[in-house]
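Observations on the three-dimensional arrangement
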Amino acid sequence: MSSLNHCIKFELDVKDENIVFKDYFYKSIKLQKHKIYEAELIQPACPFCGSLDLLHNGHLITNIRYPTANASLPVIIRLAKQRVKCRDCDHWSMAQSELASKYCSISNASKLKILSALTEDRSMTSIASENNVSVNTVQRVLGSCSHRFLDSYEYLPAHLAFDEFKGVDRQLHFICLDGDSHQVVQILRTRYKKNLLKYFGRFSPQARANVKTVTMDLNFYYQDIVRACFPNAQIVIDRFHMIQMLTRSFNSLRVQVMKTFDKRSRQYQLLKSPWKLYLKKFNELEKVHPRYNWHYKDCLTQAQVVTEGISANTALENSYNLMQSFIQAVETGNTHELKSLINCQDQIGTLMHKTLLTFKHNLTAVLNGAALPYSNGCLEGFNRKIKQIERTAFGYSNFTNLLTRIRLEEDLYKEKEPNTLLMVA
């Protein structure tokens, strides 16, 4: 018996000395074959006074689900827990073990395995199927980790990045990242100005004074929040969003000019079919090897196509040159050139002019975006991960579950041991 007990304990990796395995057998439960181990959990001493003088009064049989390498053969430990009465203090008690929590039929080892799987990009259904538990059990394990992400209002990183993403019920949620370590600072249910002011207002003045830069898009009330909450912070407009606004303005003008020509004309075809070439950097266009295009029925290089296309309209040519110079100035960090381009007086499209007025209204923040190395690139990449998490789960209806899953799949928590995150239910 002792040899069988040690062999089963070694196989299942059970270290509790108070558990004694007696036998095992196979049984079909709900048309599925199960491997069942019979064991007894001994109560060695009174948990109240420590006395060894105990009166035994039967057992409580509990079927505990245990993880197994073979998901097609579930393992159940049929554990008989001793009920005892202490003769010294007259207290009744029942034997307890680290194998499973009190009143719980799911082993702690199964919970740790489920938690480890939750740090990966997998659906809860597949995790439940692998561990032979219900989806509700997986959700309870997920919910038991939510307390690990409570806020500390004593510290804020020196460099922050603000943005939003679509989550529960297609609503926009606010997300804030550390610009240096790229770790999540906070994810809030809403992005309303009063909610953000209330949240950041909870931090100590020293924590808010520690913030040096805040990177964002051209959302106007984010700037109001920075000015109200972070006295020493510089506002940095993300370079990607600046160039995106400019290219969209130019593309709108290209379509507008294109529609002034006849659809069968050469100018129309030069502006329509190779539209992607107009959005690339001019120095990246092919300038040596011409290719035939059946749309405009000519053999031209990419640079020749763009040059001839923009020459059809003066405003279009000026807007293209302005866009190319702006992109180059942003990449090189040339703030003087950038400032002169924003104050440009050339004939350009209406939407392009509005874009430049927006940059002029936020001139300091735009120049900071070109001069400083911080951007929202890390945040855009993290938002892509969040979209993948939602896509795998076919969407979330509970914001807390979504938030916990996002934090669990962060690289920071993948490096940690699962048992540091688990609160046994």
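Residues numbered from 1 in each chain as written. Predicted model: local features only at pLDDT ≥ 70, side-chain atom pairs only at ≥ 80, totals over all residues. Heavy atoms only, no water.

Secondary structure summary: the protein chain contains 17 helices and 12 strands in total. In summary, the protein chain has a C-alpha radius of gyration of 32 Å against a globular reference of 22 Å for 425 residues, an excess of more than 25%. The principal-axis extents of the C-alpha atoms in the protein chain amount to approximately 100 × 55 × 35 Å. Taken across its 425 residues, the protein chain has 45% of its residues classed as buried. Contacts in the protein chain between residues at least 24 apart in sequence constitute 59% of all its contacts with a sequence separation of at least 6. Taken as a whole, the protein chain presents about 22700 Å² of accessible surface, with 51% of it coming from carbon and sulfur. Averaged over its 55 positive side-chain charges, the protein chain has a centre that lies 7 Å from the centre of its 40 negative ones. (Helix = DSSP H or I, 4+ residues; strand = E, 2+ residues; numbered from the N terminus. Rg over C-alpha atoms; globule rule 2.2 N^0.38 Å. Buried < 20%, exposed > 50% of the residue type's maximum accessible area, 1.4 Å probe, protein only. Contact = heavy atoms within 4.5 Å. Areas by Shrake-Rupley, 256 points an atom, 1.4 Å probe, with all protein chains shown as cover. Lys, Arg positive; Asp, Glu negative; His and termini not counted. Charge placed at Lys NZ, Arg CZ, Asp CG, Glu CD.)

Another point: the UniProt feature "domain: Transposase IS204/IS1001/IS1096/IS1165 DDE" (unreviewed entry) in the protein chain. In this numbering, the UniProt entry assigns the feature "domain: Transposase IS204/IS1001/IS1096/IS1165 DDE" (unreviewed entry) to residues 161–406. Secondary structure content for residues 161–406 is 54% helix and 13% strand, while the C-alpha to C-alpha distance between its ends is 17 Å. (UniProt positions renumbered as here; feature names shortened; annotations may be inferred.)

This part covers the packing of helix H5 (residues 193–201) against helix H7 (residues 220–229). Any two packed helices are characterised by the angle at which their axes cross and by the distance between the axes. In contact at an axis separation of 10 Å, H5 and H7 are set at 25° when each is read in the N-to-C sense. Judged by the angle between their axes, H5 and H7 are roughly parallel. Judged by the twist between their axes, the crossing of H5 over H7 is right-handed. Where H5 abuts H7, its residues Lys 193, Leu 196, Leu 197 and Phe 200 lie against Tyr 221, Tyr 222, Asp 224, Ile 225, Ala 228 and Cys 229. Residues of the contact of H5 with H7, tallied by class, amount to eight nonpolar, no polar and two charged. (Axes fitted to C-alpha atoms, helices over the stretch in contact; angles between N-to-C directions. Parallel < 35°, antiparallel > 145°, perpendicular 65-115°, else oblique. Left-handed = near helix turned anticlockwise from the far one by under 90°. Nonpolar A, V, L, I, M, F, W, Y, C, P; charged D, E, K, R; others polar.)

For the coordinates displayed, the defined rule picks out one cavity of 30 Å³ or more. Of the volumes computed, that of the largest cavity is approximately 60 Å³. Taken together, Arg 65, Tyr 66, Pro 67, Thr 68, Pro 74, Val 75, Glu 130, Asn 131 and Asn 132 make up the full set of residues lining the largest cavity. If you list the elements that add at least two residues to the lining of the largest cavity, you get strand E3 (54–66) and helix H3 (124–131). When its residues are assigned to classes, the lining of the largest cavity shows four nonpolar, three polar and two charged. (1 Å grid on protein atoms, 1.4 Å probe; cavity = no way out; pocket = protein on both sides within 12 Å on 5 of 7 lines; lining within 4 Å. Points joined across faces, edges and corners; volume = space filled by probe spheres on them.)

Sheet architecture is open: five strands sit in the order E8-E7-E6-E9-E10, paired in mixed fashion. Among the strands making up the open sheet, the edge pair consists of strand E8 (184–188) and strand E10 (234–237). If you compare each strand with its neighbour and ignore which way they point, the axes differ by 20° on average. Pairing of strand E9 (residues 213–216) with E10, which is carried by four bridges, proceeds in the parallel orientation. If you follow Met 216 over to E10, its bridge partner there is Ile 237. (Pairing = 2+ DSSP bridges.)

The next thing to look at is the side chain of Asn 368. Along the chain, the position of Asn 368 falls in helix H14 (residues 363–371). Its relative accessible area of 13% is what places Asn 368 among the buried residues. Excluding residues within four positions of it along the chain, Asn 368 makes contact with Gln 234, Ile 235 and Val 236.

A separate point is the layout of surface pockets. The gaps left among the atoms become clear once a water-sized probe is rolled over them. By volume, the largest pocket is sized at about 410 Å³. Lining the largest pocket are 17 residues, and of these Phe 165, Lys 166, Arg 170, Lys 387 and Glu 390 lie nearest its centre. Put simply, the parts of the chain that give the lining of the largest pocket at least two residues each are strand E6 (159–166) and helix H15 (377–392). Ranked by residues supplied to the lining of the largest pocket, first place goes to H15 with five residues. For the lining of the largest pocket, a count of residues per class yields four nonpolar, three polar and 10 charged.

Considered for burial, the residues of H3 that qualify are Met 124, Ile 127, Ala 128 and Asn 131. The buried residues of H3 occupy an angular sector of 100° when the element is viewed end-on, so they sit on one face. Along H3, exposed side chains directed more than 90 degrees from the buried face belong to Thr 125 and Ser 129. Residues of H3 that are buried make contact with helix H2 (108–118), helix H4 (135–143) and helix H16 (399–408). With its phi angle positive at about 55°, Asn 132 sits one or two positions after the end of H3. (Arc of directions from axis to C-beta.)

On a regular strand, each side chain points to the face opposite its neighbour's, so the side chains alternate between the two faces of the sheet. The buried fraction of E8 is high, at five of five residues. One ladder, built from four bridges, connects strand E7 (residues 172–178) with E8; its direction is antiparallel. Note on E8: the bridge partner recorded for Leu 177 is Val 184. Between E7 and E8, which pair antiparallel one after the other, the connecting turn spans five residues, and His 182 there sits at a positive phi close to 65°.

So, on to the state of the cysteines. In a disulfide, the sulfur atoms of two cysteines are covalently bonded to one another. What the rule picks out here adds up to zero disulfides. A disulfide-free cysteine, Cys 49 has its sulfur positioned 3.5 Å from the sulfur of Cys 86, the nearest such atom. On the accessibility criterion, Cys 49 (42% relative accessible area) is partly exposed. (Disulfide = S-S within 2.5 Å.)

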